[in-house]
Amino acid sequence: MKRVLILNGPNLNLLGQREPTQYGHQTLADVEQLCRETGARLGLAVECLQSNHEGVLIDAIHEAGRGVKAGQVLGVVFNAGAYTHTSIALQDAIKGAEVPVIEVHISNVHAREAFRHHSWISPVAAGIVVGFGVEGYVLGIEGLARKLGYQAS
Ligand code: DQA
């Protein structure tokens, strides 16, 4: 069974209490549980990591890239939070690690402030899911599996 990494960036540990009109009432633990259930349905093992630190996210992408090369990891479903709009280093990490990444945003970033309209992740993403609330993580996992033609063995 292959693994998928659910990677969440800064401030997503505050889900449930942070700006609920933008991000809803579900906590990060709820989201991770939803992802595990989705993985179980598709025959994928789900690993979850959240960090507020750019370097930790970069290390996790490198590690996922090694897993992809070893045939153990399918890819990453990544909500980079505000680093989406600032981090060339994350773009370089995804490119360098050659890891399939589905970019997820809970809110519709294009309906928000102009500084949220640009993403450094999008040019290197295998797909993008925006504005579906936390269901976007489910769609992200399903999209990754479909795009890569994953069949559970
Ligand atoms: C977010 C959107 C980003 O602009 C914001 O900085 C976040 C969350 C989203 O999931 O909608 O932290 O990535």
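Residues numbered from 1 in each chain as written. Predicted model: local features only at pLDDT ≥ 70, side-chain atom pairs only at ≥ 80, totals over all residues. Heavy atoms only, no water.

(A) Up close: the site of the ligand. R18, Y23, N79, G81, A82, H85, H105, I106, S107, V109 and R116 make up every residue found near the ligand. Within the side chain of H105, one N or O atom sits 2.8 Å away from an oxygen atom of the ligand. Note that an oxygen atom of the ligand is positioned 2.9 Å from one of the side-chain N or O atoms of R116. Within the complex, 99% of the 320 Å² of free accessible area of the ligand lies under protein. By residue class, the composition of the shell around the ligand is 4 nonpolar, 5 polar and 2 charged. (Near = heavy atom within 4 Å. Polar contact = N/O pair within 3.5 Å; in protein donor to acceptor, adjacent residues only side chain to side chain. Areas by Shrake-Rupley, 256 points an atom, 1.4 Å probe, with all protein chains shown as cover. Nonpolar A, V, L, I, M, F, W, Y, C, P; charged D, E, K, R; others polar.)

(B) Region of interest: the pairing of strand β5 (residues 127–130). Only one face of β5 is covered, namely the one carrying G127 and V129; the face carrying I128 and V130 has none of its residues buried. The pairing of strand β4 (residues 101–105) with β5 spans 4 bridges and is parallel. Bridged to I102 within β5 is G127. (Buried < 20%, exposed > 50% of the residue type's maximum accessible area, 1.4 Å probe, protein only. Helix = DSSP H or I, 4+ residues; strand = E, 2+ residues; numbered from the N terminus. Pairing = 2+ DSSP bridges.)

(C) Just the side chain of Q91, in detail. Mapped onto the elements, Q91 comes out in helix α4 (residues 88–97). Looking at Q91, the relative accessible area reads 10%, which means it is buried. Those residues in contact with Q91, other than ones at most four positions away along the chain, are W120, P123 and V124. (Contact = heavy atoms within 4.5 Å.)

(D) Fine view of helix α5 (residues 135–147). Helix length check: α5, at 13 residues, gives a terminal C-alpha distance of 18 Å against a target of 18 Å (1.5 Å per residue), a fit within 8%. Buried within α5 we find G136, Y137, V138, G140, I141, L144 and A145. Structurally, α5 contributes buried residues whose contacts are with β1 (3–8), α2 (28–42), β3 (73–79), β4 and β5. (Expected span 1.5 Å × (residues − 1).)

(E) Representation of the pattern of salt bridges within the structure. Inspection of every chain in the model, using the stated rule, returns 6 salt bridges. With a shortest N-O distance of 2.8 Å, E142 and R41 are connected by a salt bridge. One end of the pair, E142, is in helix α5; the other, R41, is in helix α2, and 101 residues separate them in sequence. On the basis of relative accessibility, which here comes to 24%, the residue E142 falls in the partly exposed class. (Salt bridge = Lys/Arg side-chain N within 4 Å of Asp/Glu carboxyl O.)

(F) Quick look at the nonpolar core. Within the largest apolar cluster, 24 residues are counted, with the highest numbers of intra-cluster contacts made by I6, L15, C35, L44, V77, I106 and Y137. Sort the elements by how many residues they give to this core and α5 lands first, with 5 residues. Apart from the residues within four sequence positions on either side, L44 is in contact with M1, K2, V4, G39, L74, I141, A145 and Y150. The next biggest cluster of nonpolar side chains, apart from the first, holds 20 residues, and it includes F78, A97, V99 and I121. (Core = buried A, V, L, I, M, F, W, Y, C linked by side-chain atoms within 4.5 Å.)

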